[in-house]
Structures are given as structure tokens and as C-alpha cells.
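Residues per chain, in single letters:
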Amino acid sequence: MRKVYTLVGICFGVACLFLMTFLAAHNINASGATTAAISQDIIISKIYEGGVKDIVFETPNGDYYYINRGLEQGFTLSGLEEKLLNKSVTLRLTKKLAGVSKHIHQMQVGDNIIYSELN
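My aim in this report is to walk through the structure given alongside it, one point at a time. From a predicted model like this one, the values you see are computed outputs, not experimental measurements.

Following the criterion strictly, the structure yields 1 salt bridge and no others. Among the salt bridges present, the one from R69 reaches E72, with a minimum N-O distance of 3.2 Å. The class for R69 is partly exposed, based on a relative accessible area of 35%.

Take a look at the structure:
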């Protein structure tokens with residue numbers, strides 16, 4: 001019986017370790033202030049609503065990036081389409097253990113910052 005308890009304890013420990021690693025790899029820092037941030041230039045070919053009031057920006061090759069709850073922050077899809085559609089923008093994204101996040105922390109066109117949560 002002691003071997004069964006030991007085996008269950010080991011399995012539980014491994015499962016907890018896996019869960020903590022998974023959650024750390026997919027964590028999105030709400031402030032955006034992180035040393036693991038990268039800048040990426042993209043061309044926006046499509047803008048639409050996704051998720052819960054998120055604004056999704058799609059590139060010509062099908063990649064997408066989003067502003068979390070962007071429609072609740074005063075942005076409109078038509079306004080963003082006028083400013084950004086078929087233009088090159090620079091995004092600031094977070095690099096996580098699982099790869100680069102699709103969550104936009106900052107967006108700018110040239111020197112003009114369109115959106116930022118880095119304040």
C-alpha cells in the first residue's frame with residue numbers, strides 16, 4: 001500500500017510541475033512592461049472583432065494579433081480601418097516560453113503611437 005501512495009504522490013507532483021510550467025509559458029503581463037518584449041513590423045490586411053470586444057489585426061499571410069478588449073477602449077473598427085488598413089505598423093509583443101504572444105502591448109505607425117498599455 002505504501003508503494004501506491006508513493007506512486008500517487010509522484011504523479012501528483014509531476015502534474016503540478018507540468019501545470020505551473022504551462023501557466024508560466026502562457027502568462028500575459030497586463031502592464032506590458034517586460035524585458036522579453038520584441039518589436040515586429042507587419043502590414044495589416046484585415047481588421048475585425050474577435051473574442052470579447054477584442055480588435056483583431058490580420059496580415060496578408062494569415063497571421064493575427066489583437067488588442068484585448070480594444071472596442072471597450074474607445075476604438076472603432078471603421079476608424080482603425082481608415083488609419084491602418086494596408087499600412088505597415090510596428091507592434092510590441094511579449095516573448096514567452098511558448099513563443100511570441102499575439103497580444104499587442106503597443107502599436108505605432110511611424111512615430112505616431114496608435115495604442116499603448118505600457119504607461
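On we go.
Turning to the pairing of strand 5 (residues 88–96), a few remarks are in order. The sheet contact formed by strand 1 (residues 37–43) and strand 5 spans 7 bridges and is antiparallel. Of the residues in strand 5, the one forming a bridge with I43 is S88. Here 3 bridges tie strand 5 to strand 7 (residues 106–109), and the two strands are oriented antiparallel to one another. In the strand pairing of strand 7, R92 is matched with Q106. If you look at the hairpin formed by strand 5 and strand 6 (residues 99–100), you'll find 2 residues sitting between the two strands.

Right, let's talk about the packing of aromatic side chains for a bit. A full pass over the atoms with the stated rule returns 1 aromatic pair. When the ring centre of Y48 is taken as origin, the NZ or CZ atom of K46, which lies over that ring, is 5.4 Å away. Lying across the ring of Y64, K102 places its NZ or CZ 5.5 Å from the centre.

Positive phi is not limited to glycine here, since K53 has a value of about 60 degrees. As for its placement among the helices and strands, K53 is situated in the loop between strand 2 (46–50) and strand 3 (54–58). Its relative accessible area of 38% is what places K53 among the partly exposed residues. Here R69, not a glycine, exhibits a phi torsion of approximately 55 degrees, which is positive. Among the secondary structure elements, R69 is positioned in the loop between strand 4 (64–67) and helix 2 (77–84).

So, on to the environment of N68. For N68, the position within the fold is in the loop between strand 4 and helix 2. According to the relative accessible area criterion, N68 is partly exposed, its value standing at 36%. Expressed as a C-alpha distance, the spacing of N68 and G51, which sit 17 residues apart in the sequence, is 8.6 Å. Once you skip the residues sitting within four places of it in the chain, N68 turns out to touch D54, Q73 and H103.

With that out of the way, let us pick up the sheet that holds strand 2. Spatial strand order, 2-3-4: 3 strands in an open sheet with antiparallel pairing. Each having just a single partner strand, strand 2 and strand 4 make up the two edges of the open sheet. For this sheet, the mean inter-axis angle between neighbouring strands, taken without regard to orientation, is 30 degrees. Bridging between strand 2 and strand 3 involves 5 bridges; their strand directions are antiparallel. Bridge pairing in strand 3 places I47 opposite F57.

What counts as what
- Residues numbered from 1 in each chain as written.
- Predicted model: local features only at pLDDT ≥ 70, side-chain atom pairs only at ≥ 80, totals over all residues.
- Heavy atoms only, no water.
- Salt bridge = Lys/Arg side-chain N within 4 Å of Asp/Glu carboxyl O.
- Buried < 20%, exposed > 50% of the residue type's maximum accessible area, 1.4 Å probe, protein only.
- Pairing = 2+ DSSP bridges.
- Helix = DSSP H or I, 4+ residues; strand = E, 2+ residues; numbered from the N terminus.
- Phe/Tyr/Trp six-rings, centres within 6.5 Å; stacked < 30°, edge-to-face > 60°.
- Lys NZ or Arg CZ within 6 Å of the ring centre and 35° of its normal.
- Contact = heavy atoms within 4.5 Å.
- Axes fitted to C-alpha atoms, helices over the stretch in contact; angles between N-to-C directions.

No statement about biological role is implied by the geometric values presented.
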